[in-house]
There are 2 protein chains.
Amino acid sequence: MKVSFLKNDIELIESSLFSYLNNDNELINKLFDSMRYSVDAGGKRIRPRFVLEFSRLCGGDDDTALPFACALEYIHTYSLIHDDLPCMDNDDMRRGKPSNHIVYNEDTALLAGDALQSLAFEIMSAPETVDRAGASKAVRCINTLACFCGAKGMVGGQVIDLENEKKEATYEQVLECDDLKTGGLIKAACVMGAILGGADDSQIAMAEKYGKCIGISFQIMDDILDITSTDEELGKPVGSDLENNKTTYVSLFGIEKCRQMVDELTDEAIKALDSFDDDSTALKNIALSLANRKK
Amino acid sequence: MKVSFLKNDIELIESSLFSYLNNDNELINKLFDSMRYSVDAGGKRIRPRFVLEFSRLCGGDDDTALPFACALEYIHTYSLIHDDLPCMDNDDMRRGKPSNHIVYNEDTALLAGDALQSLAFEIMSAPETVDRAGASKAVRCINTLACFCGAKGMVGGQVIDLENEKKEATYEQVLECDDLKTGGLIKAACVMGAILGGADDSQIAMAEKYGKCIGISFQIMDDILDITSTDEELGKPVGSDLENNKTTYVSLFGIEKCRQMVDELTDEAIKALDSFDDDSTALKNIALSLANRKK
C-alpha cells in the first residue's frame, strides 16, 4: 500500500511549482535558474491557496486545481520581476533577497518574466491538465486569468500606478489601481477555483466578490504596514510610500480609518462565503489572517 | 442583402488585429496607444497568414482561424517591443519608425509587451472564439502557442541569441537559436492552422516540418539581406551583424552556400505540403516569395 504523507498546502503548491521548471537543455540553463530563483523567493502563496480553497469548497479535487494554482503564482512572480526592473520601480531587493535582475542581469530577468507568463498558459492547457479538468473548464479558467492579468487587469493597474505616482491621486484612482493591480490576480484565483470545483454562475460571482474585497483590504494593509512595521519584519524598507510622496489609503484617510476599512472589507468577504453550501472555515480564516498580518 | 467586400488577407488580418484593441478606460489610454503603435507597425503579417492558409488547406474557415492568427501576431509584436529595449538589443528604430520605448518610454513599452502576451491568450480562450473552434481545438492551439513562445521556444531562443552574441558560436548553436527564436512562432502558426482546419496528426507533423524549414530559411535570408540589401530597402541599417561580430550563416558559410541552403529548405518545405489533399498553391507561393524577398 502506498503511504501518503499529509503535506500542508504550501508544501503541496511549492512542490508542484518546481515540477514544471525542469530543463535539460544546457543552452537555456541560465533562463531556468533565473525563473526558479524568483519562484523560490517564497511569499505567502496566497493566490494559489485561493484556487485550492475555492475548488475544495465547490467540491473539486486538488490534483485538478494544482496546475491552475501554479499558473497564478507564475503570473504573480513574472509581475514582481518586471516590477523590480530599473525602468519600473528599480528595486534592488525583494523579500530580503537581491532582485532577479541584480543576480541575473536585466536581459535575463526580462526574459524570465516573459517565459513565466507563457508557462502559466502552457500548464493550464497541457494535455494532462485538460484531461483532468475538461477542455471547457480549462479554457474558461485560461480566459479568466488572461483577462485579469492583462491590459484591463493587472497590467492596466500597473499603468495607473505609474501615473498615480506622478501626481496627487484621488481615492477613486487609488482604488481603481488596486482593484486591477492587486485585486486582479486575487479575483482570478477565487473565480478559477470556483469554476474548477463546479460552482454555478451566482457562486462564481460571489467568489469574485470575496476576491475583490480581499484584494483591496490586502492593499490597505500594505499601506498600513508601510507605516507601522519595521524593515526587519517586512523584509523591505518601511516608509517608502511617505518618502516617495505616494498617495495611499493611509495618506488619504489616516491609519485608524484604514484599519476600520480593512475590518469592513474582511466582513464583506466572509459574508460572500454564505452563498456556498459547504464549510468555508478555511477561506474565512485566510481572510482574518490577512487582516491581522504583521508582514 | 448584405454586400460583402473581398478583402485581401492582410486587410482581413489587420482589421481583426485592431478590433481587439479598443479601450474605454481613459486611465489606461496610454497603454493601449502603445500596444496599437507597435501592432500598427506593419510587417509581412507572415505568421497570421500561415494560420489562415493552413486552416484553409485543411478545410477550416477564416472566422474560426482569425483570433488565433491575431494571437500569433500579438506574441510576435510583444517580442519585438521587448527585444528593442535598452537592456536587450537597444534598438531605437524598428521598421523605419522609432521603437516603442522611444515613443512611450521604457516602462510603458515593457508593460505593452506584457499586455500583448496576455491578450493573445485572452482572445484564443474568449467565449466567441471557443464557440466557433470548439473547446478542445482551442485549448490545443493555446498549448501549441504557449510551448512555442516560452522558455523552450521563442524566449529560449532569445537567451541563446544573447549568449551567441558574446562568443564565436557554432553552426549548431546558431541553428538551435533560430529554430527556437524565429522558427518557434512560424511552426506554431502552421501547426495551429492545421489543428483548426481539422488535420490529422501526421498532417500536423508535416505542417510543423514546413514551418521549421521556412523558419530557418527565413533567418538565413535575413543574414543574407543584412549584407546584400540597402538601409532604405530594409528599413534598418544593413551590416549590423558584421559590425557586431555576430556569427551568422553568412559568416559561417558565405553568401553562395547560404543562397543554396535557402533554396533547399524551400524545396523541403514545399515537399511537406504533399501530405495535404487540397490545393496548396498559396503556401507554395508564400515559401517561394520568402526565398526571393528583398526585405
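Everything quoted here is computed from the prediction, not taken from an experiment.

Description of the interface of chain A and chain B
Between chain A and chain B, the contact holds 49 residues from the first and 49 residues from the second. Across the chain A/chain B interface, buried area totals approximately 4,100 Å², and carbon plus sulfur atoms make up 70% of it. Considering only the side of chain A, the residues that lose the most area to chain B are Leu27, Leu111 and Val139 of chain A, jointly responsible for 14% of the buried surface there. Seen at the junction of chain A and chain B, the total is 0 salt bridges. Seen at the junction of chain A and chain B, the total is 14 residue pairs in polar contact (both at pLDDT 80 or more). Only helix H2 (29–39), helix H4 (62–84), helix H5 (100–124), helix H6 (127–133), helix H7 (135–149), helix H8 (154–165) and helix H9 (171–181) of chain A provide two or more residues apiece to the side of chain A that touches chain B. In terms of residues, the side of chain A that touches chain B owes the most to one element, H5 of chain A, which gives 10 residues. A per-class count over the side of chain A that touches chain B returns 28 nonpolar, 13 polar and 8 charged.

Observations concerning the relation of the copies chain A and chain B
The relation between the two chain copies is a rotation about an axis coupled with a shift along that axis. Taken as rigid bodies, chain A and chain B are interconverted by a rotation of 180 degrees and an axial shift of 0.0 Å, the fit giving an RMSD of 0.0 Å. Expressed as an axis order, the relation between the two copies is that of a two-fold axis. Taking C-alpha positions as the reference, the residue of chain A nearest the rotation axis is alanine 135 of chain A, at 2.7 Å.

As for the environment of phenylalanine 68 of chain A
All names here are of chain A. Here phenylalanine 68 shows up in helix H4. Distance from phenylalanine 68 to lysine 166, taken between C-alpha atoms, is 36 Å for residues 98 residues apart in sequence. In contact with phenylalanine 68, not counting residues within four places along its chain, are Val51, Met124, Thr129, Ala133, Ala138, Cys141, Met192 and Leu196.

A few points about a positive patch on the surface
Residues and elements named next belong to chain A. Positive charge collects at one region of the surface, where Lys44, Arg95, Lys236 and Lys295 lie side by side. The residue lysine 236 is located in the loop between helix H12 (231–234) and helix H13 (240–243) in this model. Accessibility expressed as a relative area gives 45% for lysine 236, which makes it partly exposed.

Description of the pattern of salt bridges
Residues and elements named next belong to chain B. Tallied over the full model, the rule gives 34 salt bridges over all chains. Aspartate 9 is the partner of arginine 56 in a salt bridge, and the nearest nitrogen-oxygen pair spans 2.8 Å. With a gap of 47 residues between them, arginine 56 in helix H3 (residues 46–57) and aspartate 9 in helix H1 (residues 9–19) connect regions that are remote in the sequence. Overall, arginine 56 belongs to the partly exposed group, its relative accessible area being 26%.

Focus: helix H4 (residues 62–84) of chain B
Residue and element names in this part refer to chain B. Along its 23 residues, H4 runs 32 Å from first to last C-alpha, staying within 8% of the 33 Å computed at 1.5 Å per residue. Most of H4 is tucked away, with 21 of its 23 residues classed as buried. Put simply, aspartate 61 is the residue that caps the front of H4, since its side-chain oxygen is 3.2 Å from the backbone nitrogen of aspartate 63.

Parameters at a glance
Residues numbered from 1 in each chain as written. Chains lettered and ligands numbered in written order. Predicted model: local features only at pLDDT ≥ 70, side-chain atom pairs only at ≥ 80, totals over all residues. Heavy atoms only, no water. Contact = heavy atoms within 4.5 Å. Buried area = accessible area lost by both parts, 1.4 Å probe. Salt bridge = Lys/Arg side-chain N within 4 Å of Asp/Glu carboxyl O. Polar contact = N/O pair within 3.5 Å; in protein donor to acceptor, adjacent residues only side chain to side chain. Helix = DSSP H or I, 4+ residues; strand = E, 2+ residues; numbered from the N terminus. Nonpolar A, V, L, I, M, F, W, Y, C, P; charged D, E, K, R; others polar. Least-squares fit on C-alpha atoms with pLDDT ≥ 70 in both. Patch = residues over 30% accessible without salt bridge, like charges linked within 9 Å, V, L, I, M, F, W, Y side chains within 5 Å. Areas by Shrake-Rupley, 256 points an atom, 1.4 Å probe, with all protein chains shown as cover. Lys, Arg positive; Asp, Glu negative; His and termini not counted. Charge placed at Lys NZ, Arg CZ, Asp CG, Glu CD. Buried < 20%, exposed > 50% of the residue type's maximum accessible area, 1.4 Å probe, protein only. Expected span 1.5 Å × (residues − 1).

Limitation: the analysis is restricted to geometry and does not speak to function.
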